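Read off the chains here:
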Amino acid sequence: MQTIRGFRDILPEQISLWQKVEKEAILLFEDFGFKEIRIPILEKTQLFARSIGEVTDIVEKEMYTFKDRNGEKLTLRPEATASIVRSYIQHKMYAVDPVRKFYMIGPMFRRERPQKGRYRQFYQIDAEIFGVESAYVDSQLIFLLNELFKRLGLTGLSAHINSLGCPECRPSFQKALLDFIESKKDRLCENCLRRMDKNPLRILDCKVEDCRKALANAPATLDHLCKECSDHFDTVKTTLEKQGLDFSVDKSLVRGLDYYTRTAWEIQTTSLGAQSAVAGGGRYDGLVKELGGPQTPAIGFAIGFDRLVEVMEQIDKTPGDSPLDLFIVSLGDVAMEKAYHWSCELNQADIRTEMDFRGKSMKALMKRADKLNAQHVLIAGENELMENAVILRNMNTKEQVSLALKTLVPELIKILKK
Ligand code: AMP
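Not measured: the values here are computed from a predicted model.

(A) Spatial organisation of the site of the ligand. The full set close to the ligand counts 15 residues, and Arg 110, Glu 112, Tyr 119, Arg 255 and Ala 277 are the nearest of them. At 2.8 Å from an oxygen atom of the ligand is found a side-chain nitrogen or oxygen belonging to Arg 110. Taking 480 Å² as the accessible area of the ligand by itself, protein coverage stands at 92%. Broken down by secondary-structure element, the contributors of at least two residues to the shell around the ligand are strand 6 (121-130), strand 10 (277-283) and strand 11 (298-304). Broken down by element, the residue count for the shell around the ligand peaks at four residues, all from strand 10. Across the shell around the ligand, the residue classes break down as six nonpolar, four polar and five charged.

(B) Spotlight on the pairing of strand 9 (residues 261-269). Most of strand 9 is tucked away, with nine of its nine residues classed as buried. Pairing of strand 7 (residues 157-163) with strand 9 involves seven bridges; the strand directions are antiparallel. What sits directly across from Ser 158, in strand 9, is Gln 268. Pairing of strand 9 with strand 10 involves six bridges; the strand directions are antiparallel. The residue bridging Gln 268 from the neighbouring strand is Ala 277, located in strand 10.

(C) Local environment of the pairing of strand 6. Along strand 6, nine of the ten residues are buried, which leaves the element largely enclosed by surrounding structure. Here ten bridges tie strand 5 (residues 100-109) to strand 6, and the two strands are oriented antiparallel to one another. Across the sheet, Tyr 103 pairs through a bridge with Ala 127, a residue of strand 6. Direction of pairing for strand 6 relative to strand 11: antiparallel, over a ladder of seven bridges. What sits directly across from Asp 126, in strand 11, is Ala 302.

(D) Local environment of the sheet that holds strand 14 (residues 374-380). The strand order across the open sheet formed by five strands is 13-12-14-15-16, and the pairing between neighbours is mixed. Two strands close off the open sheet at either side, each with one partner strand: strand 13 (353-355) and strand 16 (400-404). Recorded for the sheet is a direction-independent mean angle of 25 degrees between the axes of neighbouring strands. Bridge count between strand 12 (residues 324-330) and strand 13: three bridges; the pairing is parallel. Looking at strand 13, one finds that Ile 328 is bridged to Met 355. The strands that helix 14 (residues 362-371) touches are strand 12, strand 14 and strand 15 (389-394); relative to strand 12, the one it contacts most, it runs at about 170 degrees. Sitting on the sheet, helix 16 (residues 408-416) touches strand 12, strand 14, strand 15 and strand 16, and the angle it makes with strand 16 is about 145 degrees.

(E) Expanded view of the packing of helix 6 (residues 135-151) against helix 10 (residues 227-242). Running from N to C, helix 6 and helix 10 point in directions that differ by 40 degrees, and their axes come no closer than 8 Å. In terms of axis orientation, helix 6 runs oblique to helix 10. Like other packed secondary-structure pairs, helix 6 and helix 10 cross with a definite hand, here right-handed. Mapping the contact onto sequence places Ala 135, Tyr 136, Asp 138, Ser 139 and Ile 142 in helix 6 and His 232, Thr 235, Val 236, Thr 239 and Leu 240 in helix 10. Looking at the contact of helix 6 with helix 10, its residues break down into five nonpolar, four polar and one charged.

Calculation criteria
Sequence positions are assigned chain by chain, starting from 1 and proceeding in written order. Per-residue local features are limited, in this predicted model, to residues with pLDDT of at least 70; the limit for side-chain atom pairs, both in listing and counting, is 80 or more; totals at the level of whole chains, interfaces and linings are taken over all residues. For the side-chain quantities, the full set of heavy atoms in the structure was used; hydrogens and water were omitted. Residues are counted as near a molecule or strand when any one of their heavy atoms sits within 4 Å of it. In the analysis that follows, any N or O atom pair within 3.5 Å is treated as a polar contact, provided that within protein one partner can donate a hydrogen and the other can accept it, and provided that, for residues neighboring in sequence, both atoms belong to side chains. For accessible areas, the Shrake-Rupley method is used with a probe of radius 1.4 Å. Any residue's cover is judged against the shown protein chains and nothing else. Each helix is a run of DSSP H or I of at least 4 residues and each strand a run of E of at least 2, with the numbering of both proceeding from the N terminus. Any residue outside Ala, Val, Leu, Ile, Met, Phe, Trp, Tyr, Cys, Pro, Asp, Glu, Lys and Arg is labelled polar, Gly included; the first ten of those are nonpolar and the last four are charged. The classification of residues rests on relative accessible area computed with a 1.4 Å probe and restricted to protein chains. Under 20% of the type maximum is buried, over 50% is exposed, and intermediate values are partly exposed. The criterion for strand pairing is that DSSP finds at least two bridges linking the strands in question. To get an axis, fit a line to the C-alpha atoms, keeping to the stretch in contact for a helix; angles then go from 0 to 180 degrees between the N-to-C directions. Here, residues are in contact when the closest pair of their heavy atoms is within 4.5 Å. Orientation is classified from the angle alone, with under 35 degrees giving roughly parallel, over 145 giving roughly antiparallel, 65 to 115 giving roughly perpendicular, and any other angle giving oblique. Here is the rule for handedness: rotate from the far helix to the near one, and if that takes an anticlockwise turn smaller than a right angle the crossing is left-handed, while a clockwise turn gives right-handed.

The structure is reproduced here in C-alpha cells:
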C-alpha cells in the first residue's frame with residue numbers, strides 16, 4: 001500500500017524543523033495577541049464556493065468534494081479563511097468583541113498537479129484579524145511574517161504587495177480590463193474566454209504561457225484605486241518603509257481567490273523553483289457580510305508550511321534529533337524491573353530516559369545508547385545491584401560515578417537536570 005498521489009508522510013526524521021517552526025510561530029502569535037482556533041477539516045461545499053468564488057481554479061477544479069450519505073455536498077477544506085469566517089459568524093463572536101485575532105495550523109487539500117513544493121495535502125499556518133479597518137494592521141501582519149522568517153533564520157525572501165481596490169473602484173477597473181481582454185481575445189485560451197463573462201479578474205490567474213504573454217500589459221487595479229483605497233495603500237507602504245522592511249509593489253499580483261479587497265501580498269523565495277510563494281495574504285473586508293454576518297473588515301495570511309520547511313532544509317540540512325538525557329542498560333530480570341520503575345519516574349520528572357526491554361547483551365545495549373545519542377548511560381547489572389549501587393557514565397567525558405540505589409532517582413534528577 002502506498003500513499004495517494006500528492007499526499008505524503010512527514011517522517012520522524014523530518015519533523016524537527018516542523019516543530020521548530022510551529023514553536024516560533026505560536027510564540028510570536030501569542031505575543032501579538034492572537035488566539036488559536038481549531039476548525040473542522042470538512043465543511044459544506046457551499047461555504048467555499050461562496051467565499052473563494054464559483055469561478056476560481058480552487059472551486060472549479062481543485063476541491064475534494066463528495067456527497068455525504070444523506071446527499072449533502074461536503075468538501076475537504078482547501079484553505080482556512082472561509083471556515084474561520086463561518087465560525088466567527090456562527091458563534092456571533094462579533095457581539096462580544098468584534099475585534100478578534102485567530103491563528104490555526106493544519107492541513108489543507110487541493111487537487112493540484114503535484115510537484116516539489118506543491119502537494120494535494122499540504123499544511124498552512126494561518127492568521128486572521130477581524131474588526132479592524134486600519135491600514136496599520138495590514139503592515140503589522142507583513143511585519144509579523146517578516147519577524148517570524150527572521151527568527152527562523154531565513155534570508156532571501158521578498159515581500160510583494162499590491163492593492164486590489166474595493167467595490168467602489170472595481171467597476172472602473174473591470175471595464176478597463178474587459179476592454180483590454182476584448183482586444184486580446186484571439187490569443188486567450190478557452191478557459192479565459194469562458195471567464196470573460198463570469199469573472200474577468202480571474203483571467204489574470206491563468207497559467208497558460210500564451211495567455212500570460214497576451215495579458216502582460218493588462219490594466220492593474222492599482223491604477224484604478226478610489227481615494228480611500230489609495231490612502232490606505234499609501235499608509236501600508238509608508239509604515240513598512242518606516243519599519244525598514246523591504247518590499248516591492250507588484251501590480252500584477254492578484255491572488256487566486258475572489259474575496260480579497262485592498263491590500264494583498266505574497267512572500268516569495270527564489271530557492272524553490274516554480275513554487276515561489278511561501279506565504280500569501282490580504283484583506284477581505286466584504287466576506288463576513290457576504291457569508292451572513294455584520295459588515296466587518298478583516299485581513300489574514302497563510303504560510304505554506306511545507307514550502308517554508310523546504311526552504312529551511314536548504315539552510316539547515318542536518319537538524320538532527322535532540323539527544324537523550326539517559327539510557328538505562330539493565331542486565332537480567334531483576335535489573336529490568338527496577339530500571340522500568342526508574343525510567344518511568346525520570347520521565348515523570350521530564351528527564352528524557354529510555355531503556356530496552358528485549359533482554360539484549362551489554363554490548364548491544366551500549367550500541368543502542370549510542371544510536372539514541374544518549375548523554376548518560378546508567379549501568380545496572382547483577383553485580384552492581386548486589387552492591388546496592390549502579391554506575392552512571394557520562395558519554396561525553398567518559399567519567400563514571402557510582403550511585404546508591406536508595407537515593408538513585410532524586411540523585412539522577414539532580415545530576416541530569418543541570
Ligand atoms: P493561498 O491559500 O492559495 O493563498 O496559499 C497560501 C500559501 O499556501 C501559498 O503561498 C503556498 O506557500 C501554500 N500553498 C498553496 N497551495 C499549496 C500546495 N498545493 N502545496 C503546498 N503549498 C501550497
